[in-house]
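# Overview (structure and organization)
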Amino acid sequence: MRVNNDLSFAELTAVAVAAEQAGFDQLWFSNDLFLRSAPVLAGALAAGTKAIGLGIAVMNPYSVHVSELAMVAATAQEVSGGRFALGLGAGSEQFLGWAGISRERPLATTRSALTGLRALLGHPDVDEALLPEWFGPQSVLRFPLTRPVPVYIGAMGPKMLQMAGRHADGVLPLAYPPEYYAIARRQVLAGVAAAGRAAGDVDLPACFWVSLSDDAAAGRAALAEKLAYYGPSISAPMLAMAGLEPEDFAPAARLAHDGRGAAELIDDRMLSLGVAGDAGDVVARCRVLRRLGASHLSFGPPLGPDPVAAIRLLGEEVLPVLAEGGSPAGEWTGEAE
């Protein structure tokens, strides 16, 4: 399960507790700029939960140095008792621009950061030729790790997905629409094969947005508001698959970024980027993803107009049906070499 860091701490805590009770194995939360701090949330949620895996999806190597990213990940792993994984990505060029940060050489920068992170976080299989220039004998954490911290890559484009398959412990391939997962999976597995790794070495969930409610109109509206905020930051090639382009979201985004309602400006083409409806609608799309090779499903925001109620519906009416063909909730992989 994935949520954004636009939720209040009280709301996020309720989501985490509900997700754990519903049987989900993982809860990822974003670190989007100018919203709540995901590293702070990680520590607090670790104290408020017992078993669910926690992950930040994602942090970027432009606004925070790799050494500090490693400190965040290793500390969160210690505080959570081994339940933490770090998501790394190049970040949204649009969002970084709000802070005056340029996103230069995203593929090379992310690959170098990934290599440095995995070296700092206890993984012995890194390609030392790809380590950052600053990395040296003193580039080590000064406190022990009980086991390596998994590092996932948040990716959309083909080159980033292939790079993740080569070097990461897991990949968070954001899929708009969900069926894009089939293409993303091929690209990740191409990287896995090129590196001589086994497919099971890399966790590859299908990451999609869902808005579940007994009130279909309310479910659609909740997804529409989320798409209004994030639509322009979705890559142009991915939007093109649905006959869209980032500019299509500009009028809605202007309202959403000012904190005003924008759902009415999101049409059916835009809504096709996620899944909105009742439990039957969600099960149907999940079964399509299973046929496309997804054994690990990651339900993303907004979850529903009432996220906690949506989680309960997922736990009671979606997960049991999908479990007949194997658990969709997933496990951390790549934790220990």
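Residues numbered from 1 in each chain as written. Predicted model: local features only at pLDDT ≥ 70, side-chain atom pairs only at ≥ 80, totals over all residues. Heavy atoms only, no water.

Below, the discussion takes up the overall build of the protein chain. A tally of helices and strands in the protein chain yields 13 helices and nine strands. For 337 residues, the compact-globule formula gives about 20 Å, and the C-alpha radius of gyration of the protein chain, at 19 Å, lands near that figure. Its C-alpha atoms put the protein chain at 60 × 40 × 40 Å along the principal axes. Buried positions account for 51% of the 337 residues belonging to the protein chain. Look at the contacts in the protein chain between residues 6 or more apart in sequence, and 75% of them connect residues 24 or more apart. Summing over all exposed atoms, the protein chain offers an accessible surface of approximately 13900 Å²; the carbon and sulfur share of this is 53%. Computed over 25 positive and 36 negative side-chain charges, the separation of the two mean positions in the protein chain equals 4 Å. (Helix = DSSP H or I, 4+ residues; strand = E, 2+ residues; numbered from the N terminus. Rg over C-alpha atoms; globule rule 2.2 N^0.38 Å. Buried < 20%, exposed > 50% of the residue type's maximum accessible area, 1.4 Å probe, protein only. Contact = heavy atoms within 4.5 Å. Areas by Shrake-Rupley, 256 points an atom, 1.4 Å probe, with all protein chains shown as cover. Lys, Arg positive; Asp, Glu negative; His and termini not counted. Charge placed at Lys NZ, Arg CZ, Asp CG, Glu CD.)

Following both chains from N to C, one finds helix 12 (residues 279-291) and helix 13 (residues 307-323) inclined at 30°, their axes separated by 10 Å at the closest point. By the angle between their axes, helix 12 is roughly parallel relative to helix 13. At the point where helix 12 passes helix 13, the crossing takes the right-handed sense. Taking contact as the criterion, the partners of Ala279, Val282, Val283, Cys286, Arg287 and Arg290 in helix 12 are, on helix 13, Leu314, Glu317, Val318, Val321 and Leu322. Across the contact of helix 12 with helix 13, the residue classes break down as eight nonpolar, no polar and three charged. (Axes fitted to C-alpha atoms, helices over the stretch in contact; angles between N-to-C directions. Parallel < 35°, antiparallel > 145°, perpendicular 65-115°, else oblique. Left-handed = near helix turned anticlockwise from the far one by under 90°. Nonpolar A, V, L, I, M, F, W, Y, C, P; charged D, E, K, R; others polar.)

A few words now on the confidence of the model for the protein chain. Looking at the protein chain, pLDDT values average 93 and 96% of them are 70 or higher. Here residues 326-337 is a poorly scored stretch, pLDDT under 50, and it has 46 contacts once near neighbours within four places are set aside; other chains count. (pLDDT = per-residue confidence, 0-100.)

We now examine the sheet that holds strand 8 (residues 275-277). If you trace the three strands from one edge of the open sheet to the other, you get 8-7-9, paired in parallel fashion. Where the open sheet ends on each side, the last strands, each with one partner, are strand 8 and strand 9 (297-303). Averaged over neighbouring strand pairs, the angle between their axes works out to 30° when direction is ignored. By the bridge criterion, five bridges tie strand 7 (residues 206-212) to strand 9 in an arrangement that is parallel. When the sheet's bridge partners are listed, phenylalanine 208 is paired in strand 9 with phenylalanine 299. Seen against the sheet, helix 12 touches strand 7, strand 8 and strand 9 and runs at an angle of roughly 170° to strand 7. (Pairing = 2+ DSSP bridges.)

Once that is clear, we can look at the pairing of strand 6 (residues 170-173). On any regular strand, side chains alternate: one points to one face of the sheet, the next to the other face. Side-chain alternation along strand 6 places Gly170 and Leu172 on one buried face and Val171 and Pro173 on a second face that is also buried. Summarising the sheet, strand 5 (residues 151-155) and strand 6 pair through four bridges and their orientation is parallel. When the sheet's bridge partners are listed, tyrosine 152 is paired in strand 6 with glycine 170. Running through helix 6 (residues 158-167), the crossover from strand 5 to the neighbouring parallel element strand 6 is right-handed. (Right-handed = clockwise from strand over helix to strand, strands pointing away.)

Strand order in the open sheet made by the six strands is 1-2-3-4-5-6, with parallel pairing throughout. Of all the strands in the sheet, just strand 1 (2-3) and strand 6 have a single pairing partner and so form its edges. Against the sheet, helix 3 (residues 66-79) engages strand 3 (53-59) and strand 4 (84-88), with an angle of about 155° to strand 4.

The contact between helix 3 and helix 5 (residues 106-120) brings their axes to 9 Å, and the two run at 45°. Between helix 3 and helix 5, the interaxial angle falls into the category oblique. Seen from above, helix 3 lies across helix 5 with right-handed handedness. Residues Val66, Ser67, Leu69 and Ala70 of helix 3 touch helix 5, and the partners they reach there are Ala113, Gly116, Leu117 and Leu120. Classifying every residue of the contact of helix 3 with helix 5 by side-chain character gives six nonpolar, two polar and no charged.

Here we take up helix 5. The terminal C-alpha atoms of helix 5 lie 21 Å apart, and with 15 residues this matches the ideal 21 Å at 1.5 Å per residue to within 8%. Of all the residues in helix 5, the buried ones are Thr110, Ser112, Ala113, Leu114, Thr115, Gly116, Leu117, Arg118 and Leu120. Looking at the buried residues of helix 5, the elements they touch are helix 3, strand 4, strand 5 and helix 6. Of the residues one or two after helix 5, glycine 122 is the one with positive phi, at around 95°. (Expected span 1.5 Å × (residues − 1).)

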